[in-house]
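Structural features, examined
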2 protein chains.
Amino acid sequence: MKNNKLTDSLQLVIFGASGDLSQTKLIPSLYKLFKRGRLPEEFFLLGADHHFENRAEFLRNLSETVREILPETFETALWEKFAKKLNYLQIDFEDEAGYKELSRKLDKKEKSYRSSRQRIYYLATAPGFFPLITEKLDNFDLAGSDGADWPRLVIEKPFGYDLESAVEFNSKIYRVFPEDNIYRIDHYLGKEMIQNILTMRFANMIFEPIWNKNYIDNIQIISTEKQGIKSRGKYYDKSGALRDMIQSHLLQMLALIAMEPPENMATESILQEKIKLLKSLAETPLLNLEDNLVLGQYSKLERPEKYIPGYQEEDKIKPDSSTETFAAVKFNINNLRWRGVPIYLKTGKRLEKKNTKIFIQFKSDFHPSFLDNNEPEANLLIIKVQPREGVSLQFNAKKPGSQNEIVPVFMDFCHKAPRDLQSTPEAYEELLAALIRGDQSLFTHWKEVKNSWLFIDQLREFIDTREIKPEKYLPGSSGPESMTRLVARDHRQWWDDAALEEQEENL
Amino acid sequence: MKNNKLTDSLQLVIFGASGDLSQTKLIPSLYKLFKRGRLPEEFFLLGADHHFENRAEFLRNLSETVREILPETFETALWEKFAKKLNYLQIDFEDEAGYKELSRKLDKKEKSYRSSRQRIYYLATAPGFFPLITEKLDNFDLAGSDGADWPRLVIEKPFGYDLESAVEFNSKIYRVFPEDNIYRIDHYLGKEMIQNILTMRFANMIFEPIWNKNYIDNIQIISTEKQGIKSRGKYYDKSGALRDMIQSHLLQMLALIAMEPPENMATESILQEKIKLLKSLAETPLLNLEDNLVLGQYSKLERPEKYIPGYQEEDKIKPDSSTETFAAVKFNINNLRWRGVPIYLKTGKRLEKKNTKIFIQFKSDFHPSFLDNNEPEANLLIIKVQPREGVSLQFNAKKPGSQNEIVPVFMDFCHKAPRDLQSTPEAYEELLAALIRGDQSLFTHWKEVKNSWLFIDQLREFIDTREIKPEKYLPGSSGPESMTRLVARDHRQWWDDAALEEQEENL
C-alpha cells in the first residue's frame, strides 16, 4: 500500500503474449481495468512471443478470445479503443535480434512520454525461459534501474522445484532485478476473500480475541479440483500436489490465517509477519509423518457411460509415475498462539468438485448441560475462496418448537452482501492493478518462497527416504481412503461439503 | 424441564373465556397444540365467564374467531373434534352459586378419569378479580392440594402496581396456592428467540468467551410499538411504560442476556441466576437519573389525510395525565462481568414500527491501522424477537474491489435457517405446552417480580419526587428528543432500524 497513485505512463511487455495465461487472463483483465479507468493515461502493452507473425494476427486472435471470455463486458467500440494500446513483436526468446527490436520499440514510444520510462516485464512463458529472458533484458540495458522500483519484473510460479533449485533460479534473477522490483504472482492472493482475511481478523472484536489455541480446535485449509492435470503433464509430473499447491497457495493462506498481528497494514509489516510464520513452520521438525501425511494419485474411471483416464495414462506422464495428485498433511505451529492446534491441509485433482475453503473449527467447550444429551456441533467459521466467495458461520441454536434440542444453524452473507458476485473483480484484475500501483502486498517475497520450500523439502525428504507411493483414488471421489484416518485418529472430521450438507439435512 | 411427560388427564378452567386473550390467543393456541398431538389424551377445557349464556353461544362465537385468526390451520372437521372437549359455564365471579356449579362439573368429568384429578385454573380476567377468584376457589375446595404441583394457577401480568401492591396481591394468592403451583405469564418468555438466548450464550464457543465487559461496549434492549394504548386506557393510565413493559418484558430479557452461567439448564438453576441478576439491579442505586432516564408521552397528530389522537385524548385517560407512554433508561450492572458496560432499555407506544430487538455492541478495539482512516463500524450481534425472529451479526470486511476500504456486512439466518418462519410456534402455544408439562422455566417467579418492582420503584420515586413530566413526541416518530441525548452523551447511538438501514445504504 506504499503507492496508491496511478503512474502516468507505463509500458507493459508480456513475454508469451500468445499463450493461454496472457490470452485468457492477463489481457482480458487489463481490458476490464481499462474499462474501469484503472489504467494509466499513457498505457501501452507490447506482446512479445514467437507464435503470431504480426500485430494484426495477434489482435485478431486476441479479440476473439476476449469476446468469448467476457461475453457480457465486451463492447466492440471500447475494445477498438483499447486495442490501439496493444502492440506486438514476434520474437525468439533466445535470439538477440528480437531484444534489440524490443528495445527500439520501447524507446520510441517513450519519446512521447511526459514522465520518465516506466516498464513492467511480465514473464508469462514457461518458467524455463525466466533466467534466459532476464539475462537478455540485462544485456540490452532493458533492465537497468530506472529509478524508484522501476522496471518491474513479474514471474509466475513455480519458483523452482525445491529449495536448492529455487535458490539457483532466484540468484539468476537477482543478478538483474533487485527483490523490490520482483513481483512473484500467487494468483490466490488476488482473490477477494484472501485479501479479506486480515480485515476479518483485525477489524472485528468478535474474532480477534478468540483467534488462538484457547478457543480454536483446529484449522483446515482445503482446495480441491474436479479437473485432472489437463495439458500440464510435463510440468506436473515433476511437481505433484505438494509442490504445485501446498508450497504456494495453501501455505500462503495459512500464513494469513495464522500470522501474528502486524505492526500496521503496510506491505512490509504484513510481509514480516507472514515470513515469521512460514519460517517457524520451516524450522519445526515435522513429526509422525507416517500418520500425518497422505498422498494419493487418481486412477482411471471406467464406466459404461464415460471413461476418465488415470493419472498414469495422461499425456506426458510416465506410466509408472509415482507423482502425487492428492496430498493431505497435518502439523502444528510451534508458537504461543497455536501450540497444540492441529493444522490440516488438503488438496487434490479429480475430486468431487472445485472448492477452496478455510475452516476455523472452534472448541466444543460448551456448558456441560448442553453436552449431556445433545453433543452439539462445533462452531465453524468458513471462509469461502472459490468458486463462490463469502463467509459463513455455523453456530448452535435451539431447534424452533423443541424444548431443548440443539441444532446448528448457518449464517451467511446473503442478499445483504454489499456487492453481488458478478462485480467482484477477478484475481488477475486485482493483481495487475496492484502491480501497476507498485503494491507488493499481493505478491510473494523471496523469503516466503524460501521458507515454504524448506517446509516442503521436509515432506519430500520423508517421502523419498521411505519411498512412499501414493494411494490410488477414483476420479470424483473425495480422495484416498487414508485421508479419513488422518483426522479420525484425532476424533475429528474433514469439513468438506459432504459433512456440511449432512448436517444441514439433519436440521 | 422437570417433567417432560405429558400428563394423562387434564381439566383446564379458563376464567374470562369470552375475553380477548382467551378467544384470540389461548384457545387458538390450544387448538394448534391439539392438532400437533401435544394435548393430553383426556383433555377438557371449561370456559367460565359471564358474557355468553351457554355453550352453544360460546362455541359459535369462538369458532368464528379462531377461523379468522388461523385461516391456514383451521380445518372444520378437526375443529369439531376439538370442540367436543370444550365446555362452558356462565358464571358471575362474585357469586358463590357459580363456583358450586363449577365444582360439580369438574368432579363429574373426573369420575371417568384414569388418573387423579389434575386441574389448571387460568385467570384470563381483569387482574382485579384474581384475589377474589382464588379466594372462592379455596372456599369451595377447588384449590386444595391435589398432590405433586396440582392444581395449577395461571395469572397474567400486571402483578401489582409497585412492590407494596405486588406483595399484598401475592400474599392473597399465596393463601391459596403455593409458589410451585403458580404460573405467572410473561408472554415474551414464550418467544422462540428469548428461549434461544441461553443456547446462544452457552452452546457456542464463539460467543461465550467474549460475553463480558472486556469485549462488549454496551447492551441495548429495545421494544417499540406502532399502536397506541387501544382499549386499555383504564389499566394503562395507572401503569405507564416503566411498569407495563420494563418491569416485565425488558428486565426479563436483560436477565437472560446478562445472568451468570447456571449450574445446569434446569428451571431452578436458571431461575436462581436470573434472580441473582435482578436482585443486584434492585440493590444498586441508580445514579444520575436526571440524565439517564427519559420519559415521553405521545401527542396528537393532525394531518390533512389522517388524525391520530394524543394519549391525553384517548378513552379513559385523564386529560392532564402525566403517565409515560415512552421510557428510556441507562444503568449499569454492578458485578464482575458487567461493571462499566452501560445497559440501555427503550420502549414506547405509537412509534415508527413494532419491533423488539436486543443489540450486543462489541468494543471497537480494532488494530490501530484500521482506525486511522476508516473508523470501521462496531461489531453487533442482533437478537430479533419480533415481529421477525432471528439472529444477525454485523462485522467488518474489505469492500470488494477496493484496496483497503472497510464496510460492515451482515450475516443473517437466511434460507438455510432450519425452519421457515410460519412453523415457529407462537409464544402462547409454547407457554401452554410448558404449563401442561409443568415446566416453570418460561414463567416468572415471585422473587423475579419482587426484584423487578424494587428496580422500578427506584425510578418511580425519582420521578415522583422531582415531579417529572413526560416529554411530548409525535406518533410515528422515534420518540422524544431527549432520548438521543441519553446515548449521544456517551458518544453512542441507538441501534434502531434507522441507524442500521443507514449503514446498509452506505455499502
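How each quantity is defined
Residues numbered from 1 in each chain as written. Chains lettered and ligands numbered in written order. Predicted model: local features only at pLDDT ≥ 70, side-chain atom pairs only at ≥ 80, totals over all residues. Heavy atoms only, no water. Helix = DSSP H or I, 4+ residues; strand = E, 2+ residues; numbered from the N terminus. Rg over C-alpha atoms; globule rule 2.2 N^0.38 Å. Buried < 20%, exposed > 50% of the residue type's maximum accessible area, 1.4 Å probe, protein only. Contact = heavy atoms within 4.5 Å. Areas by Shrake-Rupley, 256 points an atom, 1.4 Å probe, with all protein chains shown as cover. Domains from an automatic or database assignment. Buried area = accessible area lost by both parts, 1.4 Å probe. Salt bridge = Lys/Arg side-chain N within 4 Å of Asp/Glu carboxyl O. Polar contact = N/O pair within 3.5 Å; in protein donor to acceptor, adjacent residues only side chain to side chain. Nonpolar A, V, L, I, M, F, W, Y, C, P; charged D, E, K, R; others polar. Pairing = 2+ DSSP bridges. Axes fitted to C-alpha atoms, helices over the stretch in contact; angles between N-to-C directions. Least-squares fit on C-alpha atoms with pLDDT ≥ 70 in both. Core = buried A, V, L, I, M, F, W, Y, C linked by side-chain atoms within 4.5 Å.

1. A look at the overall build of chain A
Regarding its fold elements, chain A presents 16 helices and 18 strands. Taking 507 residues into account, the globule formula puts the C-alpha radius of gyration at 23 Å, and chain A, at 24 Å, falls close to it. Oriented by its inertia axes, the alpha-carbon framework of chain A measures out at about 80 × 50 × 50 Å. Expressed as a percentage of the 507 residues in chain A, the buried residues total 61%. Considering only contacts in chain A between residues 6 or more positions apart, those separated by 24 or more positions represent 77%. Accessible surface computed for chain A: about 20,900 Å², of which carbon and sulfur atoms make up 47%.

2. Quick look at the domain arrangement of chain A
Residue and element names in this part refer to chain A. Here chain A is partitioned into domain 1 (9-185) and domain 2 (189-375 + 445-496). Taking the mean C-alpha position of each, domain 1 and domain 2 sit 32 Å from one another. Across the contact, 13 residues belong to domain 1 and 13 residues belong to domain 2. Summed over both sides, the interface between domain 1 and domain 2 buries roughly 1,200 Å², with carbon and sulfur atoms accounting for 66% of that surface. Ranking the residues of domain 1 by area buried against domain 2 places Lys 157, Tyr 161 and Leu 163 at the top, with a combined share of 49%. For the pair domain 1 and domain 2, the number of links is 1 salt bridge. As a salt-bridge pair, Asp 244 and Lys 157 come within 3.1 Å of each other at their nearest N and O atoms. Linking domain 1 with domain 2 are 5 residue pairs in polar contact (both at pLDDT 80 or more), by the criterion used here. For the side of domain 1 that touches domain 2, the leading source of residues is helix H6 (residues 163-174), giving 5 residues. A class-by-class count of the residues in the side of domain 1 that touches domain 2 yields 7 nonpolar, 2 polar and 4 charged.

3. Points about the environment of Ile270(A)
Residue and element names in this part refer to chain A. Of note, Ile 270 is situated in helix H10 (residues 267-283). Owing to a relative accessible area of 9%, Ile 270 belongs among the buried residues under this scheme. Apart from residues no more than four positions distant in its own chain, Ile 270 is found in contact with Leu 198, Met 259, Pro 262, Asn 264 and Met 265.

4. Quick look at the sheet that holds strand S5 (residues 152-156) of chain A
Residues and elements named next belong to chain A. Judged by pairing direction, the sheet is mixed, and its 7 strands sit side by side in the order S3-S2-S1-S4-S5-S6-S17 without closing on themselves. Each having just a single partner strand, strand S3 (86-90) and strand S17 (443-444) make up the two edges of the open sheet. Relative to strand S6 (residues 182-185), S5 is paired through 4 bridges, and the arrangement is parallel. Note that in S6 the partner of Val 154 across the bridge is Tyr 183. Here H6 sits on the sheet and contacts S5 and S6; the angle it forms with S6, its principal contact strand, is near 145 degrees.

5. Examining the sheet that holds strand S6 (residues 182-185) of chain B
Residue and element names in this part refer to chain B. Read across the open sheet, the 7 strands follow the order S3-S2-S1-S4-S5-S6-S17; overall the sheet is mixed. The two strands at the open ends of the sheet, each matched to only one other strand, are strand S3 (86-90) and strand S17 (443-444). Where helix H1 (residues 20-35) meets the sheet, it contacts strand S1 (9-15), strand S2 (42-49), strand S4 (119-123) and strand S5 (152-156), and its direction lies at approximately 170 degrees from that of S1.

6. Quick look at the pattern of salt bridges
Opposite charge on two side chains makes pairing possible when the charged atoms of those side chains draw close. Enumeration over the complete set of coordinates arrives at 61 salt bridges over all chains. Between Glu290(A) and Arg466(A) there is a salt bridge whose closest N-O contact spans 3.9 Å. One end of the pair, Glu290(A), is in helix H11 (residues 289-292); the other, Arg466(A), is in helix H14 (residues 446-466), and 176 residues separate them in sequence. Put simply, Lys398(A) and Glu192(B) hold a salt bridge, and the shortest N to O gap is 2.8 Å. A residue pair is termed interchain when its members come from two chains, as with Lys398(A) in strand S15 (residues 390-398) and Glu192(B) in helix H7 (residues 192-202). Here Glu192(B) falls in the buried class, since its relative accessible area comes to 4%. Counted as one network, the salt bridges with shared partners bring together Lys32(A), Arg36(A), Glu426(A) and Glu429(A).

7. Topic: the side chain of Ser248(B)
Residues and elements named next belong to chain B. Positionally, Ser 248 belongs in helix H9 (residues 241-258). Judged by relative accessible area, Ser 248 falls into the buried class, the value being 7%. In this structure, Ser 248 is in contact with Lys 157 and Asp 186, ignoring residues within four places of it in sequence.

8. Details of the relation of the copies chain B and chain A
With an RMSD of 0.1 Å, the operation that places chain B on chain A is a rotation of 180 degrees combined with a shift of 0.0 Å along the axis. In symmetry terms, the pair is related by a two-fold rotation axis. Looking at the interface residues of chain B, 98% of them are also at the interface in chain A, so both copies use one shared face.

9. Let's talk about the nonpolar core
Among the nonpolar cores identified, the biggest contains 284 residues, and Phe15(A), Phe15(B) and Tyr122(B) are the most heavily contacted of them. Beyond its immediate sequence surroundings of up to four residues, Phe15(A) is in contact with Ala48(A), Ile91(A), Phe93(A), Tyr99(A), Leu102(A), Tyr121(A), Tyr122(A), Leu123(A), Ala124(A), Thr125(A), Ile133(A) and Leu137(A). By size, the runner-up hydrophobic cluster in this structure holds 42 residues, among which are Leu10(A), Leu39(A), Leu45(A) and Ala124(A).

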